[in-house]
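Analysis of the macromolecular model
Spelled out, the chains give:
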Amino acid sequence: MLLARMAESIYWSGRYLERAESTARIVQVHTDAHMDLPVGEDVGWEPLLAIAGTAGDGDGAHGREGDGSGAVVEHDAVHYVLCAPENPSSVLASLEAARANLRTARPAVPREVWEACHGLWLASSEHRSETSTRDGRVQWLRRVVAGCQGIAGILAGTMSRDEAQSFFAIGRSLERAELTTRVLDARSANLQPHRGDDPYEAVRWMAVLRSLAAYQPFRRAMPARPQGGATLRFLLQDDRFPRAVSACLSDVRSQLKQLPGTEEPADACTTAALLVSAAPVSRLALRGLDEFLERVRLAVVEVHLAIESTYFRPPLARWPAAAPAQ
Amino acid sequence: MGGRTGTGMPAVTAAGEVPPAWPSYDPDPFFDEMVGPGGAPRPEAAPLWNLFASLGPQALAERQRAADREIRSIGVTFTVYDGTEGVDRPWPFDIIPRVLPAPVWHDIEIGLVQRLNALNLFIDDVYHDQRAVDAGVVPAALVTGSPNFRPECVGVDPAGGIWAHICGSDLVRDGDGVFYVLEDNLRVPSGMSYLLENRLVAKHVFPELFRHYSVEPVDPFVGRLAGLLASVSPTPGDPTVVVLTPGVYNAAYAEHAFLAQQLGVELVEGGDMAVLDDGCLYVRTIEGLVRVDVVYRRVDDLFLDPEVFRSDSLLGVPGLMRAWRAGRVSLVNAPGAGVADDKGIYAFVPDLIRFFLDEEPLLPNVPTYRCGDPVALRSVLADLGHLVAKPTDGSGGSGIVVGTQATPAELADLADRISADPDRWVAQPVVPLSTAPTLCAGEVAPRHVDLRPFTLMGPEGAYVTRGGLTRVALASGALVVNSSRGGGSKDTWVVDPIADDGRSAPAAGPGAPA
């Protein structure tokens, strides 16, 4: 028996841990990529805010220059994405939310998982001032990424493959799918060629791959240079790379098979997977990427909603009343 | 016998005297749990005394550190509040156990069962015929006027007529070594998880002692509790039992989670459950609604059901009282049980035992003056400086004034408050609590202790924990033992001198019992 509330907490702890790890990695890679480009060819810090899901949220002032130019300053943007108290999806806020959810879910998860998450949140919070310099930031981000992976490792090594574990895995995979689409989306304006011969096109695609920890796997899997069609095919449709959207969705689907009463979420997941596998990647590398990604994002949101209404908070009337417990 | 020194116990001196473990240890004038008059260890504590005599201060400190590490690693915590969010603190544990001989414990055990039996008969009577009131055993005002009397419970028949299934009693030991009942906690008593975990830690810290002593085990409590919960189920077959907690911010949440885990049942919050049109209680699981038969609730009466009690409560379940009254779910303890643990009723418990059981009480009460009685009121006001004054409706330690530790201004204020509303107050002599050797800042010193055993009562019988949770006031001279106020705890050993024969004898010299 798994309580609906426990399932929901576990699911969200999976999502938040993934969000913290992925966002940390994106910031790290963005800083590196910035340094690879010649002066003047700024990768820009707006994409960082877009990836963090905050661009165009009505409060456009975060991290923008006070001179009215609207340019985003590195320090402010990074601070906002990592630990600004007013940003509810900052890395630090994600760790805190993961911790709060695991606290609730403690009866259903191994004790070490809770302790590791609590420790990571505490250390990240205590050392948040480190993020103001590039040096310190590298250390801080590394700790977050390693800490999140450590927690995933403890889970994989000590948690029974029960329903609770399935909800954690589903949360993590859905968050991954969403982040991959968001990374692509945030860069789509930059990625699609403005001119015939852009010498930095490969650098930009490499940055995309790197921020998803995909560069090396891409190199091993694809003979092509990291450019449009090949990269898109890899990040959207590769079934073996764990951060590719279709791989995330097939993880979700196989976890859903472990759960009771799963038709609606499974259908939503199939719909999303079909959309992704049918993507005309070569054409999308040239145009229409943003509209397509928006459709994928919405399809992923549908999966989340189906899970929520099936398992976490269905209206009382919809609960199948089980026979008095045997 | 000399060969037994090989166990690590110190040799008996040529004169046959037991070497003092702590030369400067002096509990006088209090009754000490380990040391008898004249400074020799009590017979049941002698092996323990000898072990400590052989351990220097450094070894003792090392054992304490080992215990602290153990407590952190198994995660025994309690929650304190620092303004916003509760913070989990490691549970304070003193490594020197308290030892009680089995025959002494046996008397306490039957006394506690007798008492809880009478209290349950009384509660059932309160919500039915009120014979005790009619016969003049207790004043009606103390019953129906009590803030813990629940009109909603009138006429309800819980399984077996039992309302208070779990009682946490507070026992204290006077200067003469006699145990007194200081309080009966019949609502949502806490502390049983610490009792169980203290034993676990003690076993890891002093494994050798468990070879020399036959200490009665405490873990059967969990099985007994599980059996009790199942036995009150309204439906046949394997019942669904849940533990209802107010949530993670409750001070006892760690205990709620521990008990749910030990019992192998779900830990639920009010929002997880609903009462449907069929009048039954259901819990929301990922597989749908599952009917709940028994709720071991750790939520106070007034928060249980917003339809009946506090309408702003988010901790309970709307309709829960309906389901309970209709007999579709059992609540442990039953709502309304608190009517019998009121400090005003306390004074009458010996009379209730005589009335309902036709027996003499086996465990004495601390003498209690009811300020509502004009004669008693006069002597209380004349002697406030030597008494403890308690509001009748307070729980825990709230509102209690210890006369010997109050300033003249506080005493004057107290006298005014008692005179203004004498029915709300009782007064008791200050009990000179017994002491036990306790490790304080590297030194072993006498500290005051109390004892909280737990009694279970169901239709199929009663059970008392072997020993209980010993709470210790860590400040010198202090009488307040609550962990939230800097109190510590000790493992409590009930040892059987017969079963110990020979095994615990290494250091017994002439004059010690066989």
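Residues numbered from 1 in each chain as written. Chains lettered and ligands numbered in written order. Predicted model: local features only at pLDDT ≥ 70, side-chain atom pairs only at ≥ 80, totals over all residues. Heavy atoms only, no water.

**Let's talk about the overall build of chain B**
Within chain B one finds 14 helices and 22 strands. Looking at chain B as a whole, 56% of its 514 residues qualify as buried. Expressed as a percentage of contacts within chain B between residues at least 6 apart in sequence, the contacts between residues at least 24 apart total 70%. Summed over all atoms, the accessible surface of chain B reaches about 20100 Å², with 53% contributed by carbon and sulfur. (Helix = DSSP H or I, 4+ residues; strand = E, 2+ residues; numbered from the N terminus. Buried < 20%, exposed > 50% of the residue type's maximum accessible area, 1.4 Å probe, protein only. Contact = heavy atoms within 4.5 Å. Areas by Shrake-Rupley, 256 points an atom, 1.4 Å probe, with all protein chains shown as cover.)

**With respect to the overall build of chain A**
On a plain count of helices and strands, chain A comes out with 14 helices and zero strands. The helix and strand sequence of chain A, counted from the amino end, reads α-α-α-α-α-α-α-α-α-α-α-α-α-α. Looking at chain A residue by residue over its 326 residues, the buried ones come to 55%. Look at the contacts in chain A between residues 6 or more apart in sequence, and 68% of them connect residues 24 or more apart. Roughly 13900 Å² of accessible area belongs to chain A as shown, and the carbon and sulfur atoms make up 51% of that amount.

**Here we look at the packing of helix α12 (residues 263–277) of chain A against helix α14 (residues 289–312) of chain A**
Residues and elements named next belong to chain A. As a packed pair, α12 and α14 sit with axes 8 Å apart at the nearest point and diverge in direction by 170°. On the basis of the axis angle, α12 is roughly antiparallel to α14. On the side of α12, the interface is formed by E264, P265, A268, C269, A272, L275 and V276, while α14 contributes F292, R295, V296, A299, E302, V303, A306, I307, S309, T310 and Y311. Its residues assigned to classes, the contact of α12 with α14 shows 13 nonpolar, two polar and three charged. (Axes fitted to C-alpha atoms, helices over the stretch in contact; angles between N-to-C directions. Parallel < 35°, antiparallel > 145°, perpendicular 65-115°, else oblique. Nonpolar A, V, L, I, M, F, W, Y, C, P; charged D, E, K, R; others polar.)

**Some words on the nonpolar core**
Counting residues in hydrophobic clusters, the biggest one holds 154 residues, and the most contacted among them are F167 and L236 of chain A together with F122 of chain B. A total of eleven residues in this core trace back to one element, the largest contributor, which is α14 of chain A. In this structure F167 of chain A touches L2, A7, I10, Y11, L259, I307, Y311 and F312 of chain A together with I286 of chain B, once residues within four positions along its chain are discounted. (Core = buried A, V, L, I, M, F, W, Y, C linked by side-chain atoms within 4.5 Å.)

**Some remarks on the sheet that holds strand β12 (residues 330–332) of chain B**
By definition, the strands of a sheet pair up through backbone hydrogen bonds, in either a parallel or an antiparallel sense. Residues and elements named next belong to chain B. The sheet built from four strands is open, its strands ordered β7-β6-β11-β12 with parallel pairing. Strands at the two margins of the open sheet, each flanked by one partner only, are β7 (266–268) and β12. Averaged over neighbouring strand pairs, the angle between their axes works out to 30° when direction is ignored. By the bridge criterion, three bridges tie strand β11 (residues 294–297) to β12 in an arrangement that is parallel. In the strand pairing of β12, V294 is matched with S330. (Pairing = 2+ DSSP bridges.)

**Observations concerning the packing of aromatic side chains**
In the structure shown here, the tally under the stated rule is 17 aromatic pairs over all chains. Taken together, the ring pairs connect Y11, W12, Y16, F167, Y311 and F312 of chain A into an aromatic cluster. Just above the ring of Y215 of chain A sits the side chain of R210 of chain A; from NZ or CZ to the centre is 4.5 Å. A cation sits over an aromatic face here: R150 of chain B above F309 of chain B, 5.8 Å from the ring centre. (Phe/Tyr/Trp six-rings, centres within 6.5 Å; stacked < 30°, edge-to-face > 60°. Lys NZ or Arg CZ within 6 Å of the ring centre and 35° of its normal.)

**Topic: the sheet that holds strand β15 (residues 401–402) of chain B**
All names here are of chain B. With respect to topology, four strands assemble into an open sheet ordered β13-β16-β14-β15, the strand pairing being antiparallel. Edge positions in the open sheet fall to β13 (369–370) and β15, since each of these has one partner strand only. Sitting on the sheet, helix α14 (residues 408–420) is in contact with β14 (387–391), β15 and β16 (425–429), with an inclination near 130° to β16.

**Let's talk about unusual backbone geometry**
Residue and element names in this part refer to chain B. Residues D28 and P29 are joined by a peptide bond in cis, for which omega reads 5°. Residue D358 is not a glycine yet carries a positive backbone phi of 55°. Within the secondary structure, D358 is located in the loop between α12 (349–357) and β13. Non-glycine residue A441 carries a positive phi angle of around 45°. By the element assignment, A441 lies in the loop between β17 (435–440) and β18 (443–452). On the basis of relative accessible area, A441 is assigned to the exposed category, the value being 83%.

**Focus: the pattern of salt bridges**
Tallied over the full model, the rule gives 37 salt bridges over all chains. R5 of chain A is paired through a salt bridge with D272 of chain B; the nearest N and O atoms lie 2.6 Å apart. Note that R5 of chain A is positioned in helix α1 (residues 4–36) and D272 of chain B in the loop between β7 and β8 (273–275), a pairing that runs across two chains. Both residues of the pair, R5 of chain A and D272 of chain B, belong to the buried class. Within this structure, R15, R19, E175, E178 and R182 of chain A form a network of salt bridges that share partners. (Salt bridge = Lys/Arg side-chain N within 4 Å of Asp/Glu carboxyl O.)

**Description of helix α8 (residues 201–211) of chain A**
Residue and element names in this part refer to chain A. Most of α8 sits inside the fold, with eight of its eleven residues counted as buried. Every buried residue of α8 is listed here: A202, R204, W205, M206, A207, V208, L209 and S211. In the stretch just after α8, A213 is the one whose phi turns positive, near 55°.

**So, helix α2 (residues 57–73) of chain B**
Residues and elements named next belong to chain B. Compared with the 24 Å implied by 1.5 Å per residue over 17 residues, the 24 Å span of α2 between its first and last C-alpha is a close match. All buried positions along α2 are accounted for by L60, R63, Q64, A67, E70 and I71. Seen along its axis, α2 keeps its buried residues to an arc of 120°; they face one direction. Along α2, the residues that are exposed and aim more than 90 degrees away from the buried face are Q58 and R72. (Expected span 1.5 Å × (residues − 1). Arc of directions from axis to C-beta.)

**So, the confidence of the model for chain A**
Residues and elements named next belong to chain A. Looking at chain A, the pLDDT average stands at 83 and 83% of residues meet or exceed 70. Of the regions scoring below 50 in pLDDT, residues 55–61 engages in four contacts with residues more than four places distant in sequence or in other chains. Counted against residues more than four places away or in other chains, residues 322–326, with its pLDDT under 50, gives eight contacts. (pLDDT = per-residue confidence, 0-100.)

**Focus: the pairing of β14 of chain B**
Residues and elements named next belong to chain B. By the criterion of burial, β14 is predominantly enclosed, with five of the five residues buried. Taken together, the five bridges between β14 and β16 define a ladder with antiparallel strand orientation. The residue bridging L387 from the neighbouring strand is P429, located in β16. Alignment of β14 against β15, held across two bridges, turns out to be antiparallel. In the sheet register, V388 faces β15, and the bridge partner there is V402.

**Observations regarding the environment of G229 of chain A**
With respect to the helices and strands, G229 of chain A occurs in helix α10 (residues 228–237). For the pair G229 of chain A and V281 of chain A, spaced 52 residues apart in sequence, the C-alpha separation works out to 5.4 Å.

**Notes on the side chain of T392 of chain B**
Residue and element names in this part refer to chain B. In this fold, T392 is placed in the loop between β14 and β15. Its relative accessible area of 9% is what places T392 among the buried residues. With residues up to four places along the chain from it excluded, the contact list for T392 reads D342, K343, G344, D423, R424, W425 and V426.

**Some words on the packing of helix α11 (residues 245–256) of chain A against α12 of chain A**
Residue and element names in this part refer to chain A. At their nearest, the axes of α11 and α12 sit 10 Å apart, and the two run at 160° to each other. With respect to each other, α11 and α12 are oriented roughly antiparallel. Crossing geometry of α11 relative to α12 is assigned as left-handed. Counted together, V245, S246, L249, V252, R253 and L256 of α11 and P265, A266, C269, T270, A272, A273 and V276 of α12 form the full contact between these two elements. (Left-handed = near helix turned anticlockwise from the far one by under 90°.)

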